[in-house]
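Listed below are the residues making up each chain.
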Amino acid sequence: MEIVIIGGFLGGGKTTVLNHLIQEALNNGKKPAVLMNEFGEKSVDSYLIDRNIQVNEIVNGCICCELKTDVTKQLHEIYMTFKPDILFIECSGIAHPSEVLDAHLYYNLEKLPKMIQKLVDVQLQHCSNIVLNKVDLLNSEQILEILNVLMRKYPQIKCFITKYGDIKIENITIAEDEKWIEKSDDQIFHGSIGHCLYQFSSNWHKNDFIHWIQNLPSYVYRVKGFIDFGENNLKSQIQYANNQLNIQTTDLNMDNYIVIIGHNMNNDEIIRSIKQSKKDI
């Protein structure tokens, strides 16, 4: 069973990349399966994977530290039960192994707290390939600047650029003798990152939600979930990262909930702001 690990900071586009790789595996006659790690209490991204693909989830923690034991159990279960040809492991956005990097985030990396900068650096040190994603958000000069930095800091790691997570399995193929390079750095750099889950039953007016997003405190890096805006009897899928908001309607029959992830989170402040926005005071 081949194993491909997909990591990267919050909002980098990991699930989009994963969907491309799953389709590539199917096109090549391989049977894929997925092990997905969500940092929050409830999953969002797993619902965005083809329902015909076996997806196992590890939620409410990070795969690189406190959930290591769960990973071993899940790998054994997946192999013995489903016998996939290839297994894709999507890490949480704060895990140390990494392949997917949001170009827009990296260009503005110095604006983030030092601990988060170190986390991104460690993620990159521990990967075999760097996928510089979402390059459509930057101009060519900015992309070239990032590539120069990456090649200078990580000269041994293959790097290529893309948008909308469009990569192929052969893009991440590496030589056998490069697969298990030992790197000694056991320090965890995501201890300051927390999350807040908000579940609700009433509608949230879309304009009020967008206004809430636009006024989020700077410590919030990621918002994702499902919201009923009362439009066309369809739920909306929410994806927010790096000041970019994406709202898409979906026919998934989901409860209303959002997961908010950030640095030194003030959950009481977040919940209070949501209630004020929804007029639920």
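Described in the following lines is the structure provided in the data block. (Residues numbered from 1 in each chain as written. Predicted model: local features only at pLDDT ≥ 70, side-chain atom pairs only at ≥ 80, totals over all residues. Heavy atoms only, no water.)

Reading across from one edge, β8-β12-β9-β10-β11 is the order of the 5 strands in this open sheet, with antiparallel pairing throughout. Each having just a single partner strand, β8 (193-200) and β11 (244-250) make up the two edges of the open sheet. Across the sheet, the mean angle separating the axes of adjacent strands is 10° when strand polarity is ignored. Inspection of the sheet shows strand β9 (residues 220-227) paired to strand β12 (residues 256-263) by 6 bridges, in the antiparallel sense. What sits directly across from Phe 226, in β12, is Tyr 257. Most of the contacts of helix α7 (residues 267-278) go to β8, to which it runs at about 30°, and overall it touches β8, β9 and β12. (Pairing = 2+ DSSP bridges. Helix = DSSP H or I, 4+ residues; strand = E, 2+ residues; numbered from the N terminus. Axes fitted to C-alpha atoms, helices over the stretch in contact; angles between N-to-C directions. Contact = heavy atoms within 4.5 Å.)

Right, let's get into helix α1 (residues 14-27). Relative to the 20 Å expected for 14 residues at 1.5 Å per residue, α1 spans 20 Å between its end C-alpha atoms, a close match to the ideal helical length. Residues of α1 that are buried sit in contact with β1 (2-6), β2 (32-38), β4 (86-90) and β5 (100-102). Gly 29 sits one or two positions beyond α1 and adopts a positive phi of about 75°. (Expected span 1.5 Å × (residues − 1).)

Glancing now at the packing of aromatic side chains. Between two aromatic rings, the relevant description is the distance of the centres plus the angle of the planes. A full pass over the atoms with the stated rule returns 8 aromatic pairs. With a centroid separation of 6.1 Å and an interplanar angle of 85°, the aromatic rings of Tyr 47 and Phe 226 are classed as edge-to-face. Of this pair, Tyr 47 sits in the loop between β2 and β3 (54-59) while Phe 226 sits in strand β9, placing them 179 residues apart in sequence. The class of Phe 226 is buried, set by a relative accessible area of 0%. An angle of 70° between the planes, with centres 5.9 Å apart, marks the rings of Phe 226 and Tyr 257 as edge-to-face. (Phe/Tyr/Trp six-rings, centres within 6.5 Å; stacked < 30°, edge-to-face > 60°. Buried < 20%, exposed > 50% of the residue type's maximum accessible area, 1.4 Å probe, protein only.)

For the rest of this paragraph, the subject is the pattern of salt bridges. Taken as a whole, this structure holds 6 salt bridges when the rule is applied. Across the pair Asp 208 and Lys 279 runs a salt bridge whose closest N-O atoms are separated by 3.4 Å. Residue Asp 208 is located in helix α6 (residues 206-214), and its partner Lys 279 is located in the segment after α7; the two are separated by 71 residues in the primary sequence. Taking the relative accessible area as the measure of exposure, Asp 208 reaches 27% and is therefore partly exposed. One salt-bridge network, held together by shared partners, links Lys 118, Asp 121 and Lys 153. (Salt bridge = Lys/Arg side-chain N within 4 Å of Asp/Glu carboxyl O.)

Another aspect to go through is the pairing of β2. Most of β2 is tucked away, with 7 of its 7 residues classed as buried. The alternating pattern of β2 places Pro 32, Val 34, Met 36 and Glu 38 on one face and Ala 33, Leu 35 and Asn 37 on the opposite face, and all of these are buried. With 5 bridges joining them, β2 and β4 adopt parallel strand pairing. Looking at β4, one finds that Met 36 is bridged to Glu 90. Where β2 meets β3, 6 bridges bridge the pair, whose relative direction is parallel. Pairing of Ala 33 across the sheet is with Gln 54, part of β3.

By themselves, these observations are geometric and do not establish any function.
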